[in-house]
Amino acid sequence: MDKTDAIQTVIAIVRDILPDIDPERVTAESVLADLGANSVDRVDVLAMSMEGLNVRVPMMTFAKANTIEDIAVLLLQAR
């Protein structure tokens, strides 16, 4: 799996968790808070992304991850 695949996985999960958001707004540069995600939504995105990419990472690893791309990169680094 490459970076593009990881980003697409996270984007698909964000779209599932935030179904009321216009899918076109969810891009690699999107910030979850800007999309209306609360802290529970963020944890769900991270947990489901880890499951989807078959990795386990401490949640604190994502403390400084701002964008969907940041999240995907951290997940890839854990593989």
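Remember, it's a predicted structure, so these values are computed and weren't measured experimentally. The residue numbering used here restarts from 1 in each chain and proceeds along that chain's sequence as written. The model is predicted, so local features are restricted to residues of pLDDT at least 70 and side-chain atom pairs to those at 80 or more, both for listing and for counting; the totals for chains, interfaces and linings are taken over all residues. Note that the side-chain values use all heavy atoms of the structure and ignore hydrogens as well as water.

Engineer: Break down the overall build of the protein for me, citing the residues and quoting the values.
Structural biologist: Comment: elements are numbered from the N terminus, with helices defined as DSSP H or I runs of at least four residues and strands as E runs of at least two. Each helix and strand counted, the protein has three helices and zero strands in total. When the helices and strands of the protein are listed from N to C terminus, the series reads α-α-α. Our radius of gyration looks at C-alpha atoms and nothing else; its globule reference is 2.2 Å times the residue count to the power 0.38. At 11 Å, the protein has a C-alpha radius of gyration in line with the 12 Å of a compact globule built from 79 residues. Each principal axis of the C-alpha atoms in the protein carries an extent, and together these give about 30 × 25 × 20 Å. Relative accessibility under 20% of the residue-type maximum defines a buried residue, over 50% an exposed one, and the middle range a partly exposed one, all with a 1.4 Å probe and only protein chains included. Across the 79 residues in the protein, those meeting the buried criterion constitute 38%. Put simply, 54% of the contacts in the protein that link residues at least 6 apart link residues at least 24 apart. Positive charges come from Lys and Arg, negative ones from Asp and Glu, while His and the chain ends are left out of the count. Note that the charge is assigned to NZ on lysines, CZ on arginines, CG on aspartates and CD on glutamates. Treating the 7 positive side-chain charges of the protein as one cloud and the 13 negative ones as another, the clouds have centres 7 Å apart. Here a residue-residue contact requires only that any non-hydrogen atoms of the pair lie within 4.5 Å.

Engineer: Describe the nonpolar core, with residues and values.
Structural biologist: Where a protein is soluble and globular, its nonpolar side chains tend to be buried together. Residues belong to one nonpolar core when they are buried, are Ala, Val, Leu, Ile, Met, Phe, Trp, Tyr or Cys, and are joined through side-chain atoms within 4.5 Å. The biggest cluster of nonpolar side chains holds 26 residues, and the ones touching the most others in it are Val 10, Val 14, Phe 62, Ile 68, Ile 71 and Leu 75. Within the residue set of this core, elements represented by two or more residues are α1 (3-17), α2 (39-53) and α3 (68-77). For this core, the leading source of residues is α1, giving seven residues. For Ile 71, the residues in contact, after removing those within four places along its chain, are Val 10, Leu 32, Leu 46, Phe 62 and Ala 65.

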